[in-house]
Amino acid sequence: MKYDFNEIEAKWQKFWAENQTFKAENNSDKPKYYVLDMFPYPSGAGLHVGHPLGYIASDIYARFKRHQGFNVLHPQGYDSFGLPAEQYAIQTGQHPAITTETNIKRYREQLDKIGFSFDWSREVRTSDPAYYKWTQWIFIQLFNSWYNEDTDKSEDISTLTTRFENEGNKTVNASCDADTPEFTAEEWKAFSSEEQQRILLKYRLTYLAETEVNWCPALGTVLANDEIVNGVSERGGHPVIRKKMTQWSMRITAFSERLLQGLETIDWPEPLKESQRNWIGKSVGASVKFKIDGHDEWIEVFTTRPDTIFGASFMTLAPEHDFVAKITTAEQKEEVEAYVEATAKRSERERMADVKTISGAFTGAYAIHPFSGKKVPIWIGDYVLASYGTGAVMAVPCGDQRDYDFAKHYNIEIPNIFDGVDISEEAFADKENTRIGNSDFLNGLGYKEAVKKAIEELEKIGQGKGKVNYRLRDAVFSRQRYWGEPFPVYYVNGLPQMIDAAHLPLELPEVEKYLPTETGEPPLGNAELWAWDSENNRVVANEKIDHKTVFPLELNTMPGWAGSSYYFNRYMDAANKDEIFSEEAIDYWKQVDLYIGGSEHATGHLLYARFWQKFLFDKGIVPVDEFAKKLINQGMILGTSAIVYRISGTNKYVSKNLKDDYEVEELRVDVNMVNASDEIKIEDLKNWQPQFSDAEFILEDGKYIVGREIEKMSKRWFNVVNPDDICEDYGADTLRLYEMFLGPLEQAKPWNTAGITGVFSFLKKLWKLYHNGDGFNVSDAEPSKDSLKTLHKTIKKVTEDIDNFSFNTSVSSFMIAVNELTAQKCNSRAILEPLAIVISPYAPHIAEELWQKLGHTTSVAYAPFPVFEKKHLVESNKEYPVSFNGKMRFKIELPLDFGKEEVEKAVLADERTQNQLQGREPKKVIVVHGRIVNIVG
RNA sequence: GCUCGAGUGGCGGAAUUGGUAGACGCGCUGGAUUCAAAAUCCAGUUCUUUCGGGAGUGUGGGUUCGAUUCCCACCUCGAGUACCA
């Protein structure tokens, strides 16, 4: 009987869908387990064979957990807001919602063909108003919250206003904007309502602020750093300038320390955690205030080396620093202004790329050293970044290489404050071996003591204190796009007001064009129905705006990461119309137990999602403050491109191993035409593209052999392999097994369809094991000892492999098991029934079919996983490998109950031992019981 | 530059607490079956060899009876990050 995978797979996919086999219940006596994939952006290109890798792994895990008796939540959805649909809309006028719907359909078909055990009843789409209602809702919660650094928690904004009324803000320890003014309770009460609102914005967890952005006038939009290449836009090559814009931001910096500490509590890959740590960028040091000579102003700097304060011989401000204009003297004005203008023209990336060139300008002003009272010149230089610390540094040229280079370049004094160190060539930055000298009260101290002492002294004179600084910046949350979540915000006298949560969702309006308006406003500026009637709580036409009851709505939309920052929680109760999720659901599922996805989201999605989770935790909305206990990064699947060699200037193509005799150009051709021996059929090539139809070919051994190159899977390299095609030709079970068989989950590895025949013939052999000629053939005969041994070593191995996420080695052990059972001519139910369950997480369709044929009427998906029994693996003999000086030379079979002496005696008595020794006396014989014998001599 | 990861046959890879290096699969070689091909099955396949053996996991050292595995130095490749005070 033939293994008809197409029929079998269609049958079971239908069965699972009709019976809702994988629907998870929100209340169950079973222990819960939540397996999550990073949901895809449904692109127009569809899935290639690399996309489902992580999904297959998580599906195997989810199925395994079901066999182990867990109530498994394994949902899937779509991150369906995004740029490509919008770009397509701009080009064609097609509404992004339509494109998105089409793409989702295609994705769903492709996913269904692979046989995933998703609970589709919980599907979410970030672009669905029923979903983004809750994205908007969370935004409102953030707006209505502030961060109390005393309790280290987000709190409702009302607790802040109460404190302002009672004590002003001097005593309030909060995360807030740097330019927040101080006020007393009386002053607060005297402020107008508008003034109060303006101040509260400086405290809210999402707030409006002037942010410097990369503005591309030609595209009418803000670009991310990686959308800019060499100072011009990647798309179209238009100039990009730095521009200040009022944008929504998220006060993620309030959570810096918790985001850092939380990493210790979660089981995520170390490299991923490391990149989050770097991104957060904690440094411990001190903030120091320098008085500016002749001004009332103080310059505040952050330093990690307060111990070197006596080495500070100048200050450097970022060119953008607020003080620059104020303190620059008349003589220096021209030079400074020219320098500031020159730096403003350069993009941040340009500035960062050009590290070698030293540039700066002297402001003519001086700061007073807090201890020595000496006047130190104040410079500006673009090596100081406005966005880090205070945008100012105390320059210690003897201890910091950049300060050193700057000082050398401009002939600034380089005082040496290190005992016994030569600084004539370079700065000395070795903390371990630091011994401070020439520094008044710090003389003779090492790094640690000197830091402590310096901070103490700074505090005494009120000019500094210990401080922790983070590199992490608040996250800009506005996008000048159409296809994203609208902000639930309208403006009264320029001040943002939240739409009441009861009136959400605020749905995206229709627009004529998806481009920015002529006046440079975001695409929503094109909408005609985009005003808020605050009396009737609904969207009305723009012409009704009277600024009394009808107000303009926000024109920006939210970024891609908004919808993905909490979707894992929404899955728990995805259809809930009244709440983001029920308390019952979140208390049961709590958090994701296993999250699988790409490492490219390390510092984007995965950091923002942790931030929102901590916020929701503070608000009591979720019960745990980390959303995913364990995370695994799947590696990228690369393509194996096929290359043909055209002889230069001709239409002749030469086979790979003959190409060195000619001058050739490499051309990539469709990999799907190449067979396992790297041979391509000339006919296929001729039919593939017209340029080959009348080409000539120089063959080797009558074949055309292509060259191969491993590179990213991409249409332009013609190396994309489609999972549908694989399912069509070999079946989903083969695809699933082969994806796993390729190598370790976390590693990048090349795809080559050639190797797939190995797992395909394995499945055919597995099928044969249960069949005899035309019929199903499983007997109730007692299994042989060997078969039991094969089964149980497979159970053991596969269980361990799944626990270790080592799915590739499981596939090998299935192959070994089937090879052995075939050789043993095993057709015993006692073996073949458990075997079907063991294989079912990997190859669920064939397992279901065999399970049914074995006489079962319910899905194999919930059959208990076979339990490993040690007794079947117990041996009485061991084939000892005998090594000489660590090299294995021969094997000898001995009873396992032989003791060390008996083993040694038996080995030494063997003639092969004497052969090896050739008359030498063995110096030492090591016997490791049950493992190995090693003879030294 | 810094951080992290990885180097094993022609290829993907295995060896999970230091104990038989190359499991499993692809490809390749030979054979069976076939008019032939596909499919299937069997045998072989790290290199080298005077057929006794010898060498061998990026390179060089070290620890050990024994190292792909642990330590030190270096080389190569990949990923992330970048004037972070």
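Residues numbered from 1 in each chain as written. Chains lettered and ligands numbered in written order. Predicted model: local features only at pLDDT ≥ 70, side-chain atom pairs only at ≥ 80, totals over all residues. Heavy atoms only, no water.

Chain A appears in an unreviewed UniProt entry as Leucine--tRNA ligase from Leptobacterium flavescens. The Subcellular location (unreviewed entry) field of the UniProt record for chain A holds the comment "Cytoplasm". (UniProt positions renumbered as here; feature names shortened; annotations may be inferred.)

## Looking at the sheet that holds strand 1 (residues 32-37)
Read from one edge to the other, the open sheet built from four strands follows the order 2-1-23-24, with strand pairing classed as parallel. Looking along the sheet, the strands with just one partner apiece sit at the ends: strand 2 (71-73) and strand 24 (628-633). Pairwise comparison of adjacent strand axes, ignoring direction, gives a mean angle of 20° for this sheet. Here strand 23 (residues 592-597) pairs with strand 24 via five bridges, running parallel. In the sheet register, V592 faces strand 24, and the bridge partner there is A628. Where helix 2 (residues 52-67) meets the sheet, it contacts strand 1, strand 2 and strand 23, and its direction lies at approximately 170° from that of strand 1. (Pairing = 2+ DSSP bridges. Helix = DSSP H or I, 4+ residues; strand = E, 2+ residues; numbered from the N terminus. Axes fitted to C-alpha atoms, helices over the stretch in contact; angles between N-to-C directions. Contact = heavy atoms within 4.5 Å.)

## Thoughts on the sheet that holds strand 37 (residues 924-928)
In space, the four strands of this open sheet follow the order 36-35-38-37, with mixed pairing throughout. The sheet is open, and its two edges are formed by strand 36 (887-895) and strand 37, each paired on a single side. Across the sheet, the mean angle separating the axes of adjacent strands is 20° when strand polarity is ignored. Of the pairings in the sheet, the one linking strand 37 to strand 38 (residues 932-936) comprises five bridges and is antiparallel in character. Across the sheet, residue V928 finds its bridge partner in strand 38, namely I932.

## Some points on the packing of helix 22 (residues 732-741) against helix 23 (residues 756-769)
Helix packing geometry: the angle between the two helix axes and the distance between the axes. Viewed as axis vectors pointing N to C, helix 22 and helix 23 meet at an angle of 130°, and their least axial separation amounts to 9 Å. The orientation of helix 22 relative to helix 23 falls into the category oblique. Along this stretch, helix 22 crosses helix 23, giving a crossing that reads as right-handed. Residues D733, T734, L737, Y738 and F741 of helix 22 pack against I756, V759, F760, F762 and L763 of helix 23. (Parallel < 35°, antiparallel > 145°, perpendicular 65-115°, else oblique. Left-handed = near helix turned anticlockwise from the far one by under 90°.)

## Focus: the domain arrangement of chain A
In terms of domains, chain A is made up of domain 1 (22-129 + 563-633), domain 2 (140-257 + 475-552), domain 3 (282-470), domain 4 (645-720), domain 5 (747-867) and domain 6 (875-936). Computed over C-alpha atoms, the centres of domain 2 and domain 5 are 58 Å apart. (Domains from an automatic or database assignment.)

## Here's the deal with the packing of aromatic side chains
By the definition in use, this model includes 69 aromatic pairs. Between the aromatic rings of F81 and Y132, the centroid separation amounts to 5.7 Å while the plane-to-plane angle is 35°, which identifies the pairing as tilted. With F81 in the loop between strand 2 and helix 3 (83-92) and Y132 in helix 5 (residues 129-143), this residue pair connects regions lying 51 residues apart in the sequence. Judged by centre distance (5.0 Å) and plane angle (75°), the rings of Y738 and W751 are edge-to-face. In this pair, Y738 sits in helix 22 while W751 sits in the loop between strand 32 (749-750) and helix 23, placing the two residues 13 residues apart along the sequence. Of the two residues, Y738 and W751, both sit in the buried class. (Phe/Tyr/Trp six-rings, centres within 6.5 Å; stacked < 30°, edge-to-face > 60°. Buried < 20%, exposed > 50% of the residue type's maximum accessible area, 1.4 Å probe, protein only.)

## Considering the pairing of strand 9 (residues 241-250)
Bridge count between strand 5 (residues 206-216) and strand 9: 10 bridges; the pairing is antiparallel. Bridge pairing in strand 9 links E210 to T246. When strand 9 meets strand 17 (residues 475-476), the two strands line up antiparallel, connected through two bridges. Note that in strand 17 the partner of S249 across the bridge is V476.

## Overview of helix 22
The buried fraction of helix 22 is high, at nine of 10 residues. Along helix 22, the residues that are buried comprise A732, D733, T734, L735, R736, L737, Y738, E739 and M740. Following helix 22 by one or two positions, G743 has its phi on the positive side, about 155°.

## Side note on the pairing of strand 35 (residues 877-884)
Two strands pair when backbone bridges link them, and strand 35 and strand 36 are joined in this way by eight bridges, in the antiparallel orientation. Counterpart to P881 in the pairing with strand 36 is K891. Between strand 35 and strand 36, which pair antiparallel one after the other, the connecting turn spans two residues, and N885 there sits at a positive phi close to 50°. As judged from the three bridges shared by strand 35 and strand 38, these two strands associate in the parallel manner. Each bridged residue has a counterpart across the sheet, and for F884 the counterpart in strand 38 is I935.

## Re a positive patch on the surface
Judged by side-chain charge, K2, K764, K765 and K768 come together as a positively charged surface patch. Tracing the sequence through the fold places K2 in the segment before helix 1 (5-19). (Patch = residues over 30% accessible without salt bridge, like charges linked within 9 Å, V, L, I, M, F, W, Y side chains within 5 Å. Areas by Shrake-Rupley, 256 points an atom, 1.4 Å probe, with all protein chains shown as cover. Salt bridge = Lys/Arg side-chain N within 4 Å of Asp/Glu carboxyl O. Lys, Arg positive; Asp, Glu negative; His and termini not counted. Charge placed at Lys NZ, Arg CZ, Asp CG, Glu CD.)

## Brief notes about a nonpolar patch on the surface
Together, I926, V928 and I932 make up an exposed nonpolar region whose accessible area comes to about 190 Å². The topology assignment puts V928 in strand 37.

## Quick notes on the side chain of S478
One can find S478 in the loop between strand 17 and strand 18 (489-492). By relative accessible area, S478 is classed as buried at 2%. One polar contact links the side chain of S478 to the main-chain amide nitrogen of W248, over a distance of 2.7 Å. Those residues in contact with S478 that lie beyond four places of it in its chain are Q247, W248, F487, N556 and T557. (Polar contact = N/O pair within 3.5 Å; in protein donor to acceptor, adjacent residues only side chain to side chain.)

## Topic: the nonpolar core
Within the largest apolar cluster, 105 residues are counted, with the highest numbers of intra-cluster contacts made by Y770 and F807. Excluding residues that lie within four positions of it along the chain, F807 makes contacts with A57, I60, Y61, M740, L745, I802 and Y842. Grouped together as the second largest cluster of nonpolar side chains are 92 residues, L73, W268, Y491 and W530 included. (Core = buried A, V, L, I, M, F, W, Y, C linked by side-chain atoms within 4.5 Å.)

## A look at the UniProt feature "domain: Methionyl/Leucyl tRNA synthetase" (unreviewed entry) in chain A
UniProt annotation of "domain: Methionyl/Leucyl tRNA synthetase" (unreviewed entry) refers to residues 38-145 when read in the numbering used here. Regarding residues 38-145, the helix share stands at 56% and the strand share at 4%, and the terminal C-alpha atoms are separated by 29 Å.

## Quick word on helix 10 (residues 270-280)
Along helix 10, the residues classified as buried are L272, K273, Q276, R277 and I280. Along the long axis of helix 10, the arc covered by the buried residues comes to 140°, so they all point the same way. Against the buried residues of helix 10 lie helix 9 (256-262), strand 10 (282-292), strand 16 (464-470), helix 19 (605-618) and strand 24. Phi turns positive, to about 55°, at G281, one or two residues after helix 10. (Arc of directions from axis to C-beta.)

## Focus on the pattern of salt bridges
A pair can form between side chains of opposite charge whenever their charged atoms are brought close. In this structure the tally under the stated criterion is 44 salt bridges. With a shortest N-O distance of 2.8 Å, D177 and R251 are connected by a salt bridge. In this pair, D177 sits in the loop between helix 6 (157-167) and helix 7 (185-190) while R251 sits in the loop between strand 9 and helix 9, placing the two residues 74 residues apart along the sequence. The pair formed by D177 and R251 is uniform in burial state, with each residue classed as buried. One salt bridge in this structure joins E270 and R277, with 3.0 Å as the shortest N-O distance. Residue class for E270 comes out partly exposed when judged on its relative accessible area of 44%.

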